[in-house]
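Observations on the model geometry
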Amino acid sequence: AFQGGADGYAQFVEGASVILTYPGILLPILALGVAISLWDTEGLPRVWPFALAGQVLGIFAASVVGVWVAVAFMALGVVVAGLAALWPANNRAVITGLAGLTGLGAVSASLEGHGLFELPVMIHLGILFGANLVLAAASGASALAMERVPAEWVRIGWRVVASWIGAILVLFLAFALRSGVS
């Protein structure tokens, strides 16, 4: 639920905080950022347009999806984290598809339950900003670590991070399904 009557800046911050404060939305984006850097430490600029396109589509999709979208997005996050942790040779087509789906899911889950442009534009912009901030930070941090310390144990460490993200998402998913949010 978003607050009414806030000024533009407060709306923007509120939109960004949806991404930054809800683990069911934050963690799949973090998993994608790590997956991108494990695929290619300079891969984010090549797949970011697909993530952005998915985010824009998510604005429109949010008005027609049900509450199940949040659960589906967490399940997608488990898949992304699992691939990042286990698949040693991710290819561009897979990463590009995951970027688009993650963008779509993040914005759809953030706006779920609201009609098309029912909320102020600044909230939408805040959500888009938050999603891209998290994606860039996760991809940048993991890429920087792997470039600065080109040892195999660093890549393994980021795969472990991805596996923990996936494990946390499995727990969130189990609680969501148990509480009847399917």
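Just above sits the structure.
Structure report, in brief. (Residues numbered from 1 in each chain as written. Predicted model: local features only at pLDDT ≥ 70, side-chain atom pairs only at ≥ 80, totals over all residues. Heavy atoms only, no water.)

1. Let's talk about the overall build of the protein
The helix and strand tally for the protein stands at 7 helices and 0 strands. When the helices and strands of the protein are placed in sequence order, the string is α-α-α-α-α-α-α. The globule rule puts the C-alpha radius of gyration for 182 residues at 16 Å, and the 16 Å found for the protein is close to it. Viewed in the frame of its principal axes, the protein has a C-alpha envelope of about 50 × 35 × 25 Å. For the protein, the proportion of its 182 residues judged to be buried stands at 47%. A separation of at least 24 residues holds for 83% of the contacts in the protein among residues at least 6 apart in sequence. Surface exposure of the protein reaches about 8600 Å², of which carbon and sulfur atoms provide 72%. With 6 positive and 8 negative side-chain charges, the protein shows a spacing of 13 Å between the two charge centroids. (Helix = DSSP H or I, 4+ residues; strand = E, 2+ residues; numbered from the N terminus. Rg over C-alpha atoms; globule rule 2.2 N^0.38 Å. Buried < 20%, exposed > 50% of the residue type's maximum accessible area, 1.4 Å probe, protein only. Contact = heavy atoms within 4.5 Å. Areas by Shrake-Rupley, 256 points an atom, 1.4 Å probe, with all protein chains shown as cover. Lys, Arg positive; Asp, Glu negative; His and termini not counted. Charge placed at Lys NZ, Arg CZ, Asp CG, Glu CD.)

2. With respect to the nonpolar core
Nonpolar side chains tend to gather and get buried jointly when the protein is soluble and globular. Ranked by size, the top nonpolar core spans 50 residues in total, and within it I25, I29 and I36 carry the most contacts. Among the elements of the structure, α1 (8-21), α2 (23-39), α3 (44-61), α4 (68-86), α5 (92-111), α6 (121-148) and α7 (152-178) are those that each provide at least two residues to this core. Examining the composition of this core, we find that 11 residues originate from one element, α2, more than from any other. When near neighbours in sequence (up to four residues on either side) are disregarded, I36 contacts G43, L44, V47, I95, L135 and S139. (Core = buried A, V, L, I, M, F, W, Y, C linked by side-chain atoms within 4.5 Å.)

3. Brief notes about the packing of aromatic side chains
Aromatic rings in a pair are described by how distant their centres are and how their planes are angled relative to each other. Tallying each qualifying case throughout the model produces 2 aromatic pairs. Aromatic pair F12 and F129: ring centres 5.3 Å apart, planes at 45 degrees, arrangement tilted. In this pair, F12 is assigned in helix α1 and F129 in helix α6, connecting sequence segments 117 residues apart. Accessibility expressed as a relative area gives 22% for F12, which makes it partly exposed. Both rings, one in F60 and one in F117, keep their centres 6.0 Å apart while their planes meet at 85 degrees; by these two values the pair is edge-to-face. Here F60 is found in helix α3, whereas its partner F117 is found in the loop between α5 and α6, with 57 residues between them in sequence. For F60, a relative accessible area of 44% puts it in the partly exposed group. (Phe/Tyr/Trp six-rings, centres within 6.5 Å; stacked < 30°, edge-to-face > 60°.)

4. A look at the environment of E42
Relative to the helices and strands, E42 is located in the loop between α2 and α3. Separated by 104 residues in the primary sequence, E42 and M146 have C-alpha atoms spaced 11 Å apart.

5. A word on α5
Taking 1.5 Å as the rise per residue, α5 with 20 residues should run 28 Å; its terminal C-alpha atoms sit 29 Å apart, in good agreement. The buried fraction of α5 amounts to 14 of the 20 residues, a majority that puts the element mostly inside the structure. One side-chain oxygen at the N-terminal end of α5 lies 3.2 Å from the backbone nitrogen of A93; it belongs to N91. One or two steps after α5, the chain reaches G113, where phi turns positive at roughly 90 degrees. (Expected span 1.5 Å × (residues − 1). Polar contact = N/O pair within 3.5 Å; in protein donor to acceptor, adjacent residues only side chain to side chain.)

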